[in-house]
Structures are given as C-alpha cells and as structure tokens.
Amino acid sequence: MNSRLVKRNFWIDRIEQSWEQRSVLWLSGVRRVGKTFLCRSLADTEYFDCELPRVRRALEDPEGFLREMRGKRIVLDEIHRLNNPSQLLKIAADYYPETRVLATGSSTLGASAKFSDTLTGRKAELWLTPMIEADLGDFESPNLDHRLFFGGLPPLFMEKGFPEHYYQEWMEAFWARDIQELFRLERRASFLKFMELILIQSGSIFEASRFGIGREACVGKGGSSVG
C-alpha cells in the first residue's frame, strides 16, 4: 500500500472539529509526519503551497486573496515561507471568519521571528503526531511491533526493510530546513552527534548535565545553542 493513498480519518475528524471552534487552525508536527498529505485529504478544500513563488506572489495582498477566498476552506501549507504569515492569519480571523483557514508548519516554526503575533484567542492548534493506534487501521497494518521498530512517520512505516538511509535524510532535512532557519549553529557534525545521543536514550530520563560538552560544541559564534 502506498502511504500517499491512505486517509488518516482520525486526524481528518480532528481538523473538522477544530474548525468548528475557530476559523483559523494551526497544524504543526515534525517534518514528514504527513501534514501535507493530510491537508490534501480534506474534502472541498483548496490547497496552496507557500513554497511556490507564484503562491507567495498571490499572498502579497492578503486582503485581496482572502476576499477572493471568502467562504471557502483553504490550506496554506508551509506558511512560514511568507514574509508576514501572522498578519495574514490575523486578518483572516478578524475580518473573514466565514473562511476556514488551515495553516501548516513544522514543529519548530512557532519560535520563528516571523510569528511575532501568537494569535492568542484567534486560532485553534492541532499537533499531528506520528502514527497512533487509530492510524494503524487506516494503513491496514495493525502490527504494533512493526510500528515500534520502524517508527511512526508514514513513509518509513510502509517500508518493507529497515530504511536506515531515510532516517539520515530526515536528520539532514531537520538540520537544513528547521534548525538553520532558527539558530545560528555552525558545527553541523556536532549537532547531529548530539541528536544521535539523545535518540539513543529515548525512553530514559534525560540528564542535561551529561550532554554539557556536546551542547557547547554546537554553539556558534553568535552565542546561540540547541538547548
């Protein structure tokens, strides 16, 4: 079964319920957890990929765009690619409440300087987790041991052999597209080693003092760190 053809019905229902509470919904989660496909699984919804230059140009006039989308259900995927994403969402919540907006971003983007306005009281938030028990039925693979061994990212879960190279690609993408956008870290190898050590201790108590040397090695000249 192709993971791109599987609808995660539990999460689709959660989105619909969240839209009943607020017109603007912020969907977040780690990279490759399935946010984009989940958004594309929604019925009667127009999808906009903010990584595309033509989409960003269309959103340079947020009022004009929202006026055209009045009353519709829209997805703004990777909304952090816009120059001022919080402004667009604030306008949508205050002046176009009849329009349902779903904005997505990775788990770290809430810390971005672009989101100076937290939109408190204007948006609902939903954290898309790696696959849960309810998802296993949708994927027609209720084997919990397989889920624990392969992890909960849908593309990895559907692999027949252990996809070690995929985990490395995921870590590279996390470094390049999330960490580098938020922190001034210069030592990539040290950071990746630090992450490996944390993953090895998954399920155990995290003792920050044991990672003091690794943390300092990840500090760039600007003084930022991963901790």
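The sections below set out a description of the structure shown in this document. Just so you know, these numbers come straight off a predicted model, no measurement behind them. Sequence order as written defines residue numbering, which begins from 1 separately in each chain. The predicted nature of this model means local features are confined to residues of pLDDT at least 70 and side-chain atom pairs, given and counted, to a pLDDT of 80 or more, with totals for whole chains, interfaces and linings taken over all residues. Side-chain descriptors were evaluated using all non-hydrogen atoms of the structure, hydrogens and water having been removed beforehand.

Re the pattern of salt bridges
Logical step 1: A side-chain nitrogen of Lys or Arg and a carboxyl oxygen of Asp or Glu constitute a salt bridge if their distance falls within 4 Å. What the rule picks out here adds up to seven salt bridges.
Logical step 2: In this structure, the salt-bridge partner of Glu46 is Lys72, at a minimum N-O distance of 3.0 Å. Residue Glu46 is located in strand E2 (residues 46–49), and its partner Lys72 is located in the loop between helix H4 (62–68) and strand E3 (73–77); the two are separated by 26 residues in the primary sequence.
Logical step 3: Throughout, exposure labels follow a simple rule: accessible area from a 1.4 Å probe, protein chains only, divided by the maximum for the residue type, with under 20% read as buried, over 50% as exposed, and the rest as partly exposed. The class for Glu46 is partly exposed, based on a relative accessible area of 31%.
Logical step 4: Residue Glu125 is joined to Lys123 by a salt bridge in which the shortest nitrogen-to-oxygen separation is 3.1 Å.
Logical step 5: Judged by relative accessible area, which is 57%, Glu125 ranks as exposed.
Logical step 6: For Lys123, a relative accessible area of 18% corresponds to the buried category. Helical segments are the DSSP runs of H or I of at least four residues, strand segments are the runs of E of at least two, and each set is numbered from the N terminus.

Considerations on the packing of aromatic side chains
Logical step 1: Centres within 6.5 Å are what make two rings of Phe, Tyr or Trp a pair, Trp counting through its six-membered ring; a difference in plane orientation under 30 degrees is then read as stacked, over 60 as edge-to-face, and the rest as tilted. Counting across every chain of the model gives four aromatic pairs.
Logical step 2: Ring centres of Phe149 and Phe150 lie 5.4 Å apart, and the angle between their planes is 75 degrees; this geometry places the pair in the edge-to-face category.
Logical step 3: In this structure Phe150 comes out as buried when scored by relative accessible area, which is 6%.
Logical step 4: Our definition puts a charge over a ring when NZ of Lys or CZ of Arg is within 6 Å of the ring centre and also within 35 degrees of the ring normal. Residue placement shows Arg40 over the ring face of Tyr47; its charged tip is 3.9 Å from the ring centre.

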